[in-house]
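# Examination of the molecular architecture
Given next are the chains, with one letter for each unit.
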Amino acid sequence: MRRIGDLPPGRADVDGAAGSVIQLLVERGETLAAVESLTGGLLAASVVGVPGASRAFRGGVVVYATDLKASLGGVPQDLLAARGPVDPDVAAALAAGGRARCAADWCVATTGVAGPQEQDGKPVGLVFVAVDGPGGAEVRRLQLAGDRQTIRTGAVTEALRLLTERLRGADPERRPG
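Notes on the structure in this doc start here. Computed from a prediction, not measured in an experiment: that's the story for all the values here.

### So, the overall build of the protein chain
Helices and strands together make up the secondary structure of the protein chain, namely six helices and six strands. When the helices and strands of the protein chain are read in sequence order from the N terminus, they spell out β-α-β-α-β-α-α-α-β-β-β-α. Residues classed as buried in the protein chain amount to 53% of the 177 residues present. Relative to all contacts within the protein chain whose residues are 6 or more apart in sequence, the contacts with residues 24 or more apart total 68%. With the model as given, the accessible surface of the protein chain reaches about 7,700 Å², and the carbon-plus-sulfur share is 50%.

The structure is reproduced here in C-alpha cells:
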C-alpha cells in the first residue's frame, strides 16, 4: 500500500502527470478513457486540460452512485453487493468496463472515500486506483491524508502516475485482467 500525506499534491503535480500521460499516449497512437467515483470528473478534467488531449482522450464516466458503478461502469452487481464500492476488484472492474464501453486502449478508474466521514466501515483516505490496458489490470491501494480536495487530487495524481508507469512498461504489481 502506498501511503501519501506528508506533502499534499498540488495542481502542478496533477498537470505534470496529465501532460506526461497525453504525451506518451500520442507517441504510442493509443487512447484513454476514465471512470471516476470519488474524483467526480477531476481526473477527466485534468486530462482534457492538456493541450492536444483530444488526440488521445476518448471520454469518461462519473459513477458516483453505487448503482451506476454497475449500470454504467460495468461492475458486476454481485461484486458490489459482496464487497461494496470501495474495493480493489471494483476498481479493476471499473477500469475494464470503461475501457470496453469507451473503446479505448487504456482506462483509468478511481474509487474510495474522500470524507469527511468513513463509508461502509472504510476509512477516510482509502482509495483504489486502477488501470486496465493491454496485458490486463493493475490496482494500487492508497491511504491518503488530508481534506476532501487533497484526497481527491492525490487520487488523480496517483492514478495518472500508475498509468504512466504502465505506459513505460514499469508494472511490477500488475494483476491479470
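So, next bit.
### Looking at the layout of surface pockets
Volume-wise, the largest pocket comes out at about 180 Å³. What lines the largest pocket is a set of 14 residues, among which Leu38, Tyr64, Gly112, Val113 and Gln119 lie closest to the centre. A class-by-class count of the residues in the lining of the largest pocket yields six nonpolar, six polar and two charged.

### Let's talk about the nonpolar core
Residues Leu32, Leu43, Val127, Leu160 and Leu163 are the most contacted members of the largest nonpolar core, which totals 34 residues. Here this core gets eight residues from one element, more than from any other, and that element is helix α6 (residues 148-167).

### A look at the pattern of salt bridges
What the rule picks out here adds up to six salt bridges. Notably, a salt bridge pairs Asp132 with Arg99, separated by 3.1 Å at the nearest N-O pair. Separated by 33 residues along the polypeptide, Asp132 in strand β5 (residues 126-133) and Arg99 in helix α5 (residues 88-101) bring together distant segments of the chain. Judged by its relative accessible area of 7%, Asp132 is buried. The residue Glu165 makes a salt bridge to Arg140 at a minimum N-O spacing of 2.7 Å. Of this pair, Glu165 sits in helix α6 while Arg140 sits in strand β6 (residues 136-144), placing them 25 residues apart in sequence. Taking the relative accessible area as the measure of exposure, Arg140 reaches 10% and is therefore buried. A single salt-bridge network, built from bridges that share partners, covers Arg83, Asp87 and Asp89.

### Some words on the side chain of Asp87
As for its placement among the helices and strands, Asp87 is situated in the loop between α4 (77-83) and α5. On the basis of relative accessible area, Asp87 is assigned to the buried category, the value being 7%. A distance of 3.2 Å separates a polar atom in the side chain of Asp87 from a polar atom in the side chain of Arg83. With residues up to four places along the chain from it excluded, the contact list for Asp87 reads Leu79, Thr111 and Phe128.

### Some remarks on the pairing of strand β4 (residues 106-112)
Where burial is concerned, most of β4 is hidden: seven out of the seven residues are buried. Judged by which residues are buried, β4 turns out to be covered on both faces: Trp106, Val108, Thr110 and Gly112 on one side and Cys107, Ala109 and Thr111 on the other are all buried. Taken together, the five bridges between strand β2 (residues 32-36) and β4 define a ladder with parallel strand orientation. Residue pairing across strands places Ala33 opposite Cys107, the latter belonging to β4. In the sheet, β4 pairs with β5 via six bridges, with the strands oriented antiparallel.

### Observations concerning α6
With 20 residues, α6 should cover 28 Å at 1.5 Å per step; its first-to-last C-alpha distance of 29 Å lies within 8% of that length. Extensive coverage of α6 is indicated by the burial of 15 of its 20 residues. Looking at the residues trailing α6, positive phi occurs at Gly169, about 90°.

The rules behind each value
Residues numbered from 1 in each chain as written. Predicted model: local features only at pLDDT ≥ 70, side-chain atom pairs only at ≥ 80, totals over all residues. Heavy atoms only, no water. Helix = DSSP H or I, 4+ residues; strand = E, 2+ residues; numbered from the N terminus. Buried < 20%, exposed > 50% of the residue type's maximum accessible area, 1.4 Å probe, protein only. Contact = heavy atoms within 4.5 Å. Areas by Shrake-Rupley, 256 points an atom, 1.4 Å probe, with all protein chains shown as cover. 1 Å grid on protein atoms, 1.4 Å probe; cavity = no way out; pocket = protein on both sides within 12 Å on 5 of 7 lines; lining within 4 Å. Points joined across faces, edges and corners; volume = space filled by probe spheres on them. Nonpolar A, V, L, I, M, F, W, Y, C, P; charged D, E, K, R; others polar. Core = buried A, V, L, I, M, F, W, Y, C linked by side-chain atoms within 4.5 Å. Salt bridge = Lys/Arg side-chain N within 4 Å of Asp/Glu carboxyl O. Polar contact = N/O pair within 3.5 Å; in protein donor to acceptor, adjacent residues only side chain to side chain. Pairing = 2+ DSSP bridges. Expected span 1.5 Å × (residues − 1).

Spatial relationships are all this shows, so hold off on functional conclusions.
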